[in-house]
Amino acid sequence: AYSPAVALASGENPADGVRTLGSRLAILKLKDFAHGKPVPAGEGDAQLAAATRAARDRGFDGWGVVEIDHLWLKGAAGDPAEALRRSAAHVYGW
């Protein structure tokens, strides 16, 4: 599984990571953060649209999993169901 958010946090370009993995990429974990707080996928800093497009462009046919790091992170606010709805709207728009 590859997480663009974790890749970005470690200094990696997420789209480049997807391209490097190529056909070995089986799961794309879509979670996002803004200023260290979880936000709906596509509303933060993780460059998820670029990573998702890179996966699509190489014929990715694996799983895309939206993760909302809500319950176990202090200071996370909001409704997880609404975050998932907003995440889905972004993901389907890419």
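Residues numbered from 1 in each chain as written. Predicted model: local features only at pLDDT ≥ 70, side-chain atom pairs only at ≥ 80, totals over all residues. Heavy atoms only, no water.

A. Seen up close, the pattern of salt bridges. Per the stated rule, a full pass over the model turns up 6 salt bridges. Lysine 29 is the partner of glutamate 67 in a salt bridge, and the nearest nitrogen-oxygen pair spans 3.4 Å. Note that glutamate 67 is positioned in the loop between β4 (63-66) and α4 (80-93) and lysine 29 in strand β1 (residues 27-30), a separation of 38 residues in sequence. Residue lysine 31 is joined to glutamate 67 by a salt bridge in which the shortest nitrogen-to-oxygen separation is 3.9 Å. Note that lysine 31 is positioned in the loop between β1 and β2 (32-34) and glutamate 67 in the loop between β4 and α4, a separation of 36 residues in sequence. A single salt-bridge network, built from bridges that share partners, covers Lys29, Lys31 and Glu67. (Salt bridge = Lys/Arg side-chain N within 4 Å of Asp/Glu carboxyl O. Helix = DSSP H or I, 4+ residues; strand = E, 2+ residues; numbered from the N terminus.)

B. Representation of the environment of histidine 90 in the model. Considering the arrangement of structural elements, one finds histidine 90 in helix α4. In terms of polar contacts, histidine 90 uses its side chain to reach the side chain of glutamate 43, at 2.9 Å. (Polar contact = N/O pair within 3.5 Å; in protein donor to acceptor, adjacent residues only side chain to side chain.)

C. Summary view of the packing of helix α2 (residues 14-21) against helix α3 (residues 48-57). Two numbers describe how α2 lies on α3: the axes approach to 7 Å, and their chain directions differ by 20°. By the criterion of interaxial angle, the relationship of α2 to α3 is roughly parallel. Both α2 and α3 take part in a crossing whose hand is right-handed. Here Pro14, Ala15, Val18 and Arg19 of α2 come into contact with α3, specifically with Ala50, Ala51, Ala54 and Ala55. Residues that form the contact of α2 with α3 fall into these classes: 7 nonpolar, no polar and 1 charged. (Axes fitted to C-alpha atoms, helices over the stretch in contact; angles between N-to-C directions. Parallel < 35°, antiparallel > 145°, perpendicular 65-115°, else oblique. Left-handed = near helix turned anticlockwise from the far one by under 90°. Contact = heavy atoms within 4.5 Å. Nonpolar A, V, L, I, M, F, W, Y, C, P; charged D, E, K, R; others polar.)

D. The arrangement of the environment of alanine 55 in detail. Mapping alanine 55 onto the fold places it in helix α3. A sequence separation of 36 residues divides alanine 55 from valine 91, and the C-alpha atoms of the two residues are 12 Å apart. Setting aside anything within four residues of it in sequence, one finds alanine 55 in contact with Val18, Leu25, Leu28 and Phe60.

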